[in-house]
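Reading the structure
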Amino acid sequence: MFVARHFWPHCSGRHEAAAATFELTQRLANWGMRVEVVTPRHGNTWPTEIMLGDVKVHRVASAPRGDWSTQRYVRHLSHWLVERMPCLDAIVCDQLREESRAVSMAIESGASDAHGDHPTVGVAVCGGWGEDSDQTWCQNTRGGKRVLQSCSGLNSVITEHAKTDRYLVSHGVPAEKLRRRPVGFHRPAAVTEQQRNNARRSLRGINLDLTTDLESRVLLWCGPMSGPASSDSGVGALVQSARFLAARDQDLRIWILGDGKIRDWVHTELKAEGVRSVVAIPGSFSDMTEVWQSVDAVVQNEDSQLRSTFPAALAAALPIIIADRPAARDYLQTHFDPSILDSLAWYDHAKPSTLRKAFRSVWGDLEMAKQHAFELARDLSRRHPLEQELAFWQSILRPNPNQNLPNPKAS
């Protein structure tokens, strides 16, 4: 059972953590596990149960909107989990947030009633990078201390890098509970011209703003539209440069995927710049398959994008224009060979105008950039195979070493 504050349909472009959890649960289900997800309802008309492929999704209560409703939600969620624990091998909270308290409370409450040799395993993921990390959330919120204290009731806390390990240990989380999660990548598959045309035709049927010509070359930005309504935000940096980029390439189309509090500002600024006709703002997507097949390059300049958009773009073998931010450097240095850092098109995030220079370095020979991105994705899949990550999850979720989970149906 996965526990998530946000899940489908709030995925890519809205909540990066939800997109990452959606992808992970689908992988595990394809691998042969029986996976379920519990999440709150963010609308009164949302159904309480749905099926997404082989994953059953439970929506047990309305999403909390304040401190009081959050405490009530945590109690309700923990009771709901306790009732279903006899049928669960493991409960995984996808972020180290308030929901992880509910998981810890459920594990501790159910421990006295456990029977047999396979007690339910309680796990929380402390992920994210930079300003978007769960570590930063714990440091800057009132409930962070209680969330950290709840880790003592869990079997494992999954982390992504050493900084998080040190932080958790310094705040009382036993070192033996920490497990480092390996990153895994699909083997890349070249997108044929027919596949690209079919994907673009399908997206055009969904939203006319996504209409492209055969000669069109698409630059993608995908993420939550948050932060200041200026070039200091990730999407703001692209908005500021959109007019200059469009003037350089008459066949350029820019797709800005996402939702958030500055979406109206983005629309107004693009209209004022006179480039609204070449920029699409279609909202958020739960399935990015056709988007990845349609676009030619990606801009990565927000810490939140490191949860889902950035690794997905790497796996899709797309050229990436990346802001030189500490979190991005940490992400790459933690997971990959240092040579990868030099192979990306970096720009100075403090000087949005340098985005245009990075854009020219990619667009000047886009076919060569795509070939280089494909070689990079192939190398990543060899160094960090997806099977390694799935085997890690098997070791976390398996109740005991002598019980084998089903063999994977797909990888």
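Definitions and cut-offs
- Residues numbered from 1 in each chain as written.
- Predicted model: local features only at pLDDT ≥ 70, side-chain atom pairs only at ≥ 80, totals over all residues.
- Heavy atoms only, no water.
- Helix = DSSP H or I, 4+ residues; strand = E, 2+ residues; numbered from the N terminus.
- Rg over C-alpha atoms; globule rule 2.2 N^0.38 Å.
- Buried < 20%, exposed > 50% of the residue type's maximum accessible area, 1.4 Å probe, protein only.
- Contact = heavy atoms within 4.5 Å.
- Areas by Shrake-Rupley, 256 points an atom, 1.4 Å probe, with all protein chains shown as cover.
- Polar contact = N/O pair within 3.5 Å; in protein donor to acceptor, adjacent residues only side chain to side chain.
- Domains from an automatic or database assignment.
- Buried area = accessible area lost by both parts, 1.4 Å probe.
- Salt bridge = Lys/Arg side-chain N within 4 Å of Asp/Glu carboxyl O.
- Nonpolar A, V, L, I, M, F, W, Y, C, P; charged D, E, K, R; others polar.

By the naming in an unreviewed UniProt entry, the protein goes by Glycosyl transferase, group 1 family protein and is assigned to Rhodopirellula europaea 6C.

Moving on, we come to the overall build of the protein. Scanning the protein from terminus to terminus reveals 16 helices and 14 strands. The globule rule puts the C-alpha radius of gyration for 411 residues at 22 Å, and the 22 Å found for the protein is close to it. Taken over the C-alpha atoms alone, the protein extends approximately 70 × 45 × 40 Å along its principal axes. Per-residue burial for the protein yields a buried fraction of 56% across its 411 residues. Considering only residue pairs separated by 6 or more positions, the protein has 69% of its internal contacts joining residues 24 or more positions apart. On the protein, roughly 18400 Å² of surface is accessible, and the fraction owed to carbon and sulfur atoms is 47%.

This part is about the side chain of Thr-159. Tracing the chain through its elements places Thr-159 in strand E7 (residues 156-159). A polar contact of 2.6 Å, which involves the side chain of Thr-159, links it to the side chain of Asp-165. Ignoring any residue separated from it by four or fewer positions in sequence, one finds Thr-159 in contact with Cys-126, Thr-164, Asp-165, Leu-168, Leu-178, Arg-179, Arg-180 and Arg-181.

All right, on to the domain arrangement of the protein then. As far as domains go, the protein holds domain 1 (2-184 + 385-397) and domain 2 (193-383). Computed from C-alpha atoms alone, the centre-to-centre distance between domain 1 and domain 2 is 29 Å. Contact residues are listed per partner, giving 27 residues for domain 1 and 28 residues for domain 2. Taken together, the two surfaces of domain 1 and domain 2 that pack against each other cover about 2000 Å², and 54% of this comes from carbon and sulfur. In terms of surface lost to domain 2, no three residues of domain 1 exceed Ser-12, Glu-16 and Trp-129, which account for 34% of the buried area on that side. At the boundary of domain 1 and domain 2, one finds four salt bridges. The salt bridge partner of Arg-307 is Asp-134, with a shortest N-O separation of 3.0 Å. Linking domain 1 with domain 2 are nine residue pairs in polar contact (both at pLDDT 80 or more), by the criterion used here. Looking at the side of domain 1 that touches domain 2 element by element, the count peaks at five residues for helix H1 (residues 16-30). Residues of the side of domain 1 that touches domain 2, tallied by class, amount to 10 nonpolar, nine polar and eight charged.

Here His-76 shows up in helix H2 (residues 67-84). For His-76, a relative accessible area of 38% gives the class partly exposed. For the pair His-76 and Ala-61, spaced 15 residues apart in the sequence, the C-alpha separation amounts to 8.1 Å.

Moving on, we get to the pattern of salt bridges. As enumerated under the stated definition, the model contains 28 salt bridges in all. Where Lys-163 meets Asp-330, a salt bridge forms, and the shortest distance between an N and an O atom there is 2.9 Å. Of the two residues, Lys-163 is situated in helix H6 (residues 162-170) and Asp-330 in helix H12 (residues 326-335); the sequence distance between them amounts to 167 residues. Under the relative-accessibility criterion, Asp-330 is labelled partly exposed at 23%. Connected via shared salt-bridge partners are Glu-23, Arg-27, Arg-181 and Glu-389.

With respect to the secondary-structure elements, Arg-101 resides in helix H3 (residues 98-111). If sequence neighbours within four positions are ignored, Arg-101 has contacts with Gln-71, Val-74, Arg-146, Val-147 and Ser-150.

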